[in-house]
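Structural features, examined
Next come the chains, spelled out residue by residue.
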Amino acid sequence: MKAPELQFITKVYHPSVKSDDGKVCPEVIGKDWAPTLNVAFILETLVGMLANPALDSPLEPEIADILMKDRKK
């Protein structure tokens, strides 16, 4: 009944993904999770997270800081 835990195997440089183990911030899926949702919802949410990083509560503050100061970098 609870939201699934997500983890990238390939390294991802993103403020909502832990650099050392690839775990995705639980709030990414958990805030909108309901037991009736499916894999399509999870994939759409991940694509949205990757395209539009949330900088308000990052797992990796250093990455969020770089993103805020110099997005191209």
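Presented here is a report on the structure given in the accompanying data block. (Residues numbered from 1 in each chain as written. Predicted model: local features only at pLDDT ≥ 70, side-chain atom pairs only at ≥ 80, totals over all residues. Heavy atoms only, no water.)

**What about the nonpolar core?**
Formed by L6, V17, V24, C25, V28, I29, F41, I42, L46 and M49, the largest nonpolar core amounts to 10 residues. Looking at this core, the elements with two or more residues in it are α1 (27-30) and α2 (39-51). Setting aside chain neighbours within four positions, we find I42 in contact with P4, L6, I29 and W33. (Core = buried A, V, L, I, M, F, W, Y, C linked by side-chain atoms within 4.5 Å. Buried < 20%, exposed > 50% of the residue type's maximum accessible area, 1.4 Å probe, protein only. Helix = DSSP H or I, 4+ residues; strand = E, 2+ residues; numbered from the N terminus. Contact = heavy atoms within 4.5 Å.)

**Here we look at the packing of aromatic side chains**
Inspection of the entire model under this criterion finds one aromatic pair. Both rings, one in W33 and one in F41, keep their centres 6.4 Å apart while their planes meet at 50°; by these two values the pair is tilted. (Phe/Tyr/Trp six-rings, centres within 6.5 Å; stacked < 30°, edge-to-face > 60°.)

**Examining the pattern of salt bridges**
Within this structure, the stated rule accounts for two salt bridges. The salt bridge involving K18 is made with E60; its shortest N-O contact spans 3.9 Å. Residue K18 is found in the segment before α1, and its partner E60 is found in the loop between α2 and α3 (61-69); the two are separated by 42 residues along the sequence. Looking at K18, the relative accessible area reads 31%, which means it is partly exposed. (Salt bridge = Lys/Arg side-chain N within 4 Å of Asp/Glu carboxyl O.)

**Some remarks on α3**
When we look at burial in α3, the residues that qualify are I63, A64 and L67. Down the axis of α3, the buried set is contained in an arc of 100°. They therefore lie on one face. Of the residues in α3, the exposed ones pointing more than 90 degrees away from the buried face are E62, M68 and K69. (Arc of directions from axis to C-beta.)

**What to know about α2**
The end-to-end C-alpha distance of α2 is 18 Å, a good match for the 18 Å that 13 residues give at a rise of 1.5 Å each. Within the sequence span of α2, burial applies to F41, I42, T45, L46 and M49. Buried residues along α2 cover an arc of 130° about the axis, so they all sit on one side. Away from the buried face of α2 by more than 90 degrees, exposed residues L43, E44 and V47 are located. Next to the buried residues of α2 lie α1. (Expected span 1.5 Å × (residues − 1).)

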